[in-house]
Number of protein chains: 2
Amino acid sequence: MTKQAPIAVIAGGGDLPGLVIRSALAQGRDVVTIAIKGEADASLSAFNPVELGWGQIGKLFSTLKSRGVRDVVLIGAVQRRPDFTSILGDFGTMWRLPRIIAAVVGGDDHLLVKVAGIFEREGLHVVGAHEVAPGLVANPGHVAGPKPDAKALSDMELAIQAVDAVGRLDIGQGAIAVGARVVAVEGAEGTDAMLERITALRANGRVRSKGAAGVLVKCSKPQQDLRLDMPTIGPQTIQKASDAQLKGVCVEAGRVLVVHRDEVERLCNELGVFLYGCTRNEDFEGHEG
Amino acid sequence: MTKQAPIAVIAGGGDLPGLVIRSALAQGRDVVTIAIKGEADASLSAFNPVELGWGQIGKLFSTLKSRGVRDVVLIGAVQRRPDFTSILGDFGTMWRLPRIIAAVVGGDDHLLVKVAGIFEREGLHVVGAHEVAPGLVANPGHVAGPKPDAKALSDMELAIQAVDAVGRLDIGQGAIAVGARVVAVEGAEGTDAMLERITALRANGRVRSKGAAGVLVKCSKPQQDLRLDMPTIGPQTIQKASDAQLKGVCVEAGRVLVVHRDEVERLCNELGVFLYGCTRNEDFEGHEG
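Owing to the predicted nature of the structure, the values given are computational and were not obtained by experimental measurement.

Quick look at helix H9 (residues 191–203) of chain A now. In a regular helix each residue adds 1.5 Å, so 13 residues correspond to 18 Å; H9(A) covers 19 Å between its end C-alpha atoms and thus fits that length. Of the positions making up H9(A), those classed as buried are Thr191(A), Met194(A), Leu195(A), Arg197(A), Ile198(A), Leu201(A) and Arg202(A). End-on view of H9(A): buried residues confined to an arc of 150°, all on one side of the axis. Looking at the buried residues of H9(A), the elements they touch are strand E7 (174–177), strand E8 (182–185), strand E9 (215–218) and helix H10 (235–243) of chain A together with strand E8 (182–185) and helix H8 (191–203) of chain B. Just beyond H9(A), the residue with positive phi is Gly205(A), at close to 85°.

This paragraph deals with the pattern of salt bridges. Residues and elements named next belong to chain B. Overall, the coordinates contain 28 salt bridges over all chains when judged by the stated rule. Between Arg 255 and Glu 252 there is a salt bridge whose closest N-O contact spans 3.4 Å. Glu 252 sits in the buried class, given a relative accessible area of 5%.

With an RMSD of 0.0 Å, chain A superimposes on chain B once it is rotated by 180° and translated 0.0 Å along the axis. The symmetry that links the two subunits is that of a two-fold axis. When you check the interface residues of chain A against chain B, 100% turn up at the interface there too, and the contact is symmetric in its surfaces.

To continue, consider the interface of chain A and chain B. Taken together, the contacts link 21 residues of chain A with 21 residues of chain B. Both faces considered, chain A and chain B share a buried interface measuring about 1600 Å² in area, 60% of it formed by carbon and sulfur atoms. Across the contact surface, chain A and chain B share 2 salt bridges. A salt bridge links Glu189(B) to Arg197(A); the shortest N-O distance between them is 3.7 Å.

Residues and elements named next belong to chain B. Within strand E2 (residues 31–36), 6 of the 6 residues are buried, which leaves it mostly tucked inside the rest of the structure. Across 5 bridges, the pairing between strand E1 (residues 7–11) and E2 is parallel. The residue of E2 that forms the bridge with Ala 8 is Val 32. Taken together, E1, helix H1 (residues 16–26) and E2 constitute a β-α-β crossover, and its handedness is right-handed.

Residue and element names in this part refer to chain A. In this structure the tally under the stated criterion is 2 aromatic pairs over all chains. Arranged with centres 5.3 Å apart and planes meeting at 65°, the rings of Phe 61 and Phe 119 form a pair that is edge-to-face. Of this pair, Phe 61 sits in helix H2 (residues 57–66) while Phe 119 is found in helix H6 (residues 108–121), placing the two residues 58 residues apart along the sequence. Both residues of the pair, Phe 61 and Phe 119, belong to the buried class.

Either a parallel or an antiparallel arrangement is found when strands of a sheet pair, and the pairing is made through backbone hydrogen bonds. Judged by pairing direction, the sheet is parallel, and its 5 strands sit side by side in the order E3-E2-E1-E4-E5 (chain A) without closing on themselves. Because the sheet does not close on itself, it has two edges, and the strands there are strand E3 (50–52) and strand E5 (125–126) of chain A.

Here is what the cut-offs are and how they apply
Residues numbered from 1 in each chain as written. Chains lettered and ligands numbered in written order. Predicted model: local features only at pLDDT ≥ 70, side-chain atom pairs only at ≥ 80, totals over all residues. Heavy atoms only, no water. Helix = DSSP H or I, 4+ residues; strand = E, 2+ residues; numbered from the N terminus. Expected span 1.5 Å × (residues − 1). Buried < 20%, exposed > 50% of the residue type's maximum accessible area, 1.4 Å probe, protein only. Arc of directions from axis to C-beta. Contact = heavy atoms within 4.5 Å. Salt bridge = Lys/Arg side-chain N within 4 Å of Asp/Glu carboxyl O. Least-squares fit on C-alpha atoms with pLDDT ≥ 70 in both. Buried area = accessible area lost by both parts, 1.4 Å probe. Pairing = 2+ DSSP bridges. Right-handed = clockwise from strand over helix to strand, strands pointing away. Phe/Tyr/Trp six-rings, centres within 6.5 Å; stacked < 30°, edge-to-face > 60°.

Here it is as structure tokens:
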């Protein structure tokens, strides 16, 4: 990362781009905010963004060059896959079209890797949000809320094993263990839906415990390119973990974004849900709090 | 298995016990049907069952002995975990109580293993439904419906890998791959709920394909004791796979029960969903139909 040059944050939807921009500014970085039209949140107007649509890729690169940008963060949700009519935009878009079409056709992971390749062929470096906003990831060990007890640490270890197994197969990033048993593994549904499933399974008696028990574990996949796609938790994750009567949430330290950190920690304390940072293959036996 | 001696089918709820009894009778075996009170289906009355409650364990063993039973099949759902008041039953229950309490306390898997142990200490053999009713499991290869194409075989292979990984960790028995991506892994929710999840994820666009695509794979866990607990599919599985716009269903040959086989095959043909029997670690590349 070049310290002096400004970084560009190319912002999709949600509040994550704003958090990354604020965190980068707090580190003394200059930030050029590019808001993707129809995707980026209106609150980004505070950062005086350049608004660009899918067809303005020529203008995107000329803007980044004129501002002296070398590092680019791609962050936020993109709901709409661009269609080809909106891509037939400016001249700079036109001559890059073959590469862009090649990127748009194909699976999601390939798309992001190819998009990053397009940036790199323009001489730009795609960097991860955690590199410009290190305050958004968890440290290893106990982070917030009550301390995990031995049963919770043991459930955590089981769920880490499960996440590890499905992560290696590029399936998912999350798992939940309750009472020494893995009860949910995350697929395409996402973490929130998986937590809601446990709430439902508790209601119908398929997952049982006396009082709160169990842990949600969320890790990145070993082969995951964190510059392009990072697992994320936030206050909603803590709330839903509490609804599912879990004891806590464990995220891989340094490799999972924790957004709205203050609110996350407040909720952990208020709801009695711990937040813990783990590293893979860590032996939890000795960490009993 | 002793050919001449009658087998006992100790029947919990659902229609599986009746199917096993019918299949065993069709093989020329004598069957003593024990219907668990409050659990077994009323349709078992066709087999002239001995009805026994949780507190009649003494009577259970005396009945099995007087009928010359050596092989016992435990089959069907048990909704109610017996409570201790109902267990304080006959004299034969009383003196076995310490063992029974030890069995009832603890996780589900342990419970079944311990229950089997109680039978074996009475000189009985607990056998699997597939051993007395081999017609209830699938053979390897194409079973019903259209032939799987190359994409379906490739999705099948991916889902088998996922089931294998979670099976080794004793998590679940099922997974679904669509479009070269594992989109769901089964936990405590069960196969039907997992299929319904894919139907919902298709509706909200998180799982996409042009037309039907993808395969549900269901296997036993490598360490699973098939005498006590076998994965099962039936007509509902085929219907829900069709609702989820899958191309087919793949079960581990010899180790997954296919109930209501005729109806399953009719639905496969009617809905255009294939049924395939796989063996673990099989190379599907060469099986393109």
